[in-house]
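# Chains, contacts and geometry: an overview
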Number of protein chains: 2
Amino acid sequence: MNFDDKIPIYYQIKEYIYRQIITGKLEPGEKIPAVRQLAVDLTVNVNTIQRALSELVTEKMIESKRGRGNFVTEDINKVKELKGKLIMEQLKQMYDSLRKLNVSDQEILDYVSQYINKQERDQK
Amino acid sequence: MNFDDKIPIYYQIKEYIYRQIITGKLEPGEKIPAVRQLAVDLTVNVNTIQRALSELVTEKMIESKRGRGNFVTEDINKVKELKGKLIMEQLKQMYDSLRKLNVSDQEILDYVSQYINKQERDQK
DNA sequence: ACTAGTGTTATATTCGTCTATTACACTATA
DNA sequence: TATAGTGTAATAGACGAATATAACACTAGT
């Protein structure tokens, strides 16, 4: 994993797990890799993994079963809500940042449209 | 100022100054408020201001004149480049984040369009 | 009952950020 | 030339994040 050194690692791991759940790489009820395994995979300390997971437990995105493992919530609505929330956060951040740079609504839309066209061109 | 506790304050101050320059609140060649004044205004320590400004000096976005103050670069192209760079960073971050959530290019465009329409409605 | 696999907790250490404080260096001007 | 205003630098302390390491608690399967 490529971590941004401006943001706490445990927080970025949280977002990583969010993505796994939202994209279905981890399905509802599925067992999450063991904390020691995650620590190896992400090359961080077990305590750092634990810090991330414990917050996910608090949010009830995962359930922790001592001796057995951590499991993704069965609550499908919760997953959908999370996805919507994360999308909105991204939109808001982009929008607010550009507005603070005096970019108009129309310009923002144009920039995004151009950016996406470029991505599609570069893809092939 | 409202600082995000997940990101170093000195870094957020850097971005704050960027915005002042880009939006023309600080014009090319203009003197930046004194470090002690900035410290009071932003309610942070002088050293934290200094940390931000010293990076801006390294990037040649500002020029420091001992005993006189800090001054915005006269290089207008540099300012324009900075604005473009910051805009691109925002677009990229939003785009990459949503793509990681399996949101398609078309959906991204729709979301942004809807979001902007909502902002315009809420504005009045 | 043992053991391997799992989550949980705790300690000590290092590191970066931020603060408070003090001191020093330079400039402009009264 | 004295002084107020400016940037610069250094110290010591507090704090959170992350690490290495160890120990503890529970579960499932042999």
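All residue numbers here refer to positions counted from 1 along the written sequence of the relevant chain. Going through the entries in the order they are written, you letter the chains from A and number the ligands from 1. Given that the model is predicted, a residue must reach a pLDDT of at least 70 before its local features are reported, and side-chain atom pairs must reach 80 or more before they are shown or counted; all residues, however, enter totals for whole chains, interfaces and linings. Only hydrogens and water are set aside; all other atoms, that is, all heavy atoms of the structure, feed into the side-chain values.

- For chain A, an unreviewed UniProt entry supplies the name Transcriptional regulator, GntR family and the organism Lentilactobacillus hilgardii.

## Some details on the sheet that holds strand 3 (residues 69-72) of chain A
- The strand order 1-3-2 (chain A) describes an open sheet built from 3 strands, whose pairing is antiparallel. Each having just a single partner strand, strand 1 (31-32) and strand 2 (62-65) of chain A make up the two edges of the open sheet. Two strands qualify as a pair provided DSSP detects at least 2 bridges between them. Numbering of helices and strands runs from the N terminus, with a helix taken as a DSSP run of H or I at least four residues long and a strand as a DSSP run of E at least two residues long.

## Observations regarding the protein's contact with DNA strand D
- Here a residue counts as near a molecule or strand whenever at least one of its heavy atoms sits within 4 Å of it. Contacts to DNA strand D come from 25 residues, most closely from Ile9 and Thr48 of chain A together with Arg36, Gln50 and Ser64 of chain B.
- For DNA strand D, the fraction of protein-proximal atoms (within 4 Å) that sit in sugar or phosphate groups is 69%.
- Any N or O atom pair separated by 3.5 Å or less is treated as a polar contact, with the protein-specific requirement of one donor-capable and one acceptor-capable atom, and with residues adjacent in sequence counted only for side-chain atom pairs. Within the side chain of Arg36 of chain B, an N or O atom sits 2.8 Å from a base oxygen of DNA strand D.
- Residue Gly67 of chain B places a main-chain N or O atom 3.1 Å away from a base nitrogen belonging to DNA strand D.
- Residue assignment for the surface near DNA strand D shows that the elements contributing at least two residues are helix 1 (9-22) and helix 3 (46-58) of chain A together with helix 2 (35-41), helix 3 (46-58), strand 2 (62-65) and strand 3 (69-72) of chain B.
- For the surface near DNA strand D, the element with the most residues is helix 3 of chain A, which contributes 3 residues.
- Any residue outside Ala, Val, Leu, Ile, Met, Phe, Trp, Tyr, Cys, Pro, Asp, Glu, Lys and Arg is labelled polar, Gly included; the first ten of those are nonpolar and the last four are charged. In terms of residue class, the surface near DNA strand D is built from 6 nonpolar, 10 polar and 9 charged.

## A few points about the relation of the copies chain A and chain B
- When the copies are overlaid, the least-squares fit takes in C-alpha atoms only where the residue has pLDDT of at least 70 in both copies. For the pair chain A and chain B, the relating rotation is 180°, the translation along its axis is 0.0 Å, and the fit reaches an RMSD of 0.1 Å. Within this description, the copies of the chain are treated as partners about a two-fold rotation axis.
- Should any heavy atoms of two residues lie within 4.5 Å, those residues are counted as being in contact. When the interface residues of chain A are mapped onto chain B, 100% of them again lie at the interface, so the same face is used by both copies.

## Quick notes on the protein's contact with DNA strand C
- Residues in close proximity to DNA strand C total 25 residues, the closest being Arg36 and Gln50 of chain A together with Ile9, Asn47 and Thr48 of chain B.
- The contact atoms of DNA strand C, taken as those within 4 Å of the protein, divide so that sugar and phosphate hold 64%.
- In the model, a phosphate oxygen of DNA strand C is placed 2.4 Å from a nitrogen or oxygen of the Gln50 of chain A side chain.
- The set of elements that each furnish at least two residues to the surface near DNA strand C consists of helix 2 (35-41), helix 3, strand 2 and strand 3 of chain A together with helix 1 (9-22) and helix 3 of chain B.
- It is helix 3 of chain B that provides the largest number of residues to the surface near DNA strand C, a total of 3 residues.
- In the surface near DNA strand C, the residues fall into 6 nonpolar, 10 polar and 9 charged.

## Some remarks on helix 3 of chain B
Residues and elements named next belong to chain B.
- Under the convention used throughout, the expected extent of a helix is 1.5 Å for every residue step, that is, one less than its residue count. An ideal rise of 1.5 Å per residue puts 18 Å on 13 residues; helix 3 measures up with 18 Å between its terminal C-alpha atoms.
- Here's how the labels work: a residue is buried when its accessible area is under 20% of the maximum for its type, exposed when over 50%, partly exposed in between, all with a 1.4 Å probe on protein chains only. Those residues of helix 3 not exposed but buried are Ile49, Ala52, Leu53 and Leu56. Each buried residue of helix 3 lies within a common arc of 95° when the element is viewed along its axis, so the set occupies one face. Looking at helix 3, the residues exposed on the side facing more than 90 degrees away from the buried face are Asn47 and Thr58. Note: the arc covers the axis-to-C-beta directions of the helix.

## Details of the interface of chain A and chain B
- In this assembly, 36 residues from chain A lie in contact with 36 residues from chain B.
- With both chains or domains summed, chain A and chain B bury close to 3500 Å², and 73% of this area falls on carbon and sulfur atoms.
- By salt bridge we mean one thing: a side-chain nitrogen of Lys or Arg within 4 Å of a carboxyl oxygen of Asp or Glu. The interface formed by chain A and chain B includes 0 salt bridges.
- At the surface where chain A touches chain B, the tally comes to 3 residue pairs in polar contact (both at pLDDT 80 or more). Note: buried area is the sum, over both parts, of the accessible area (probe 1.4 Å) each one loses when the two are combined.

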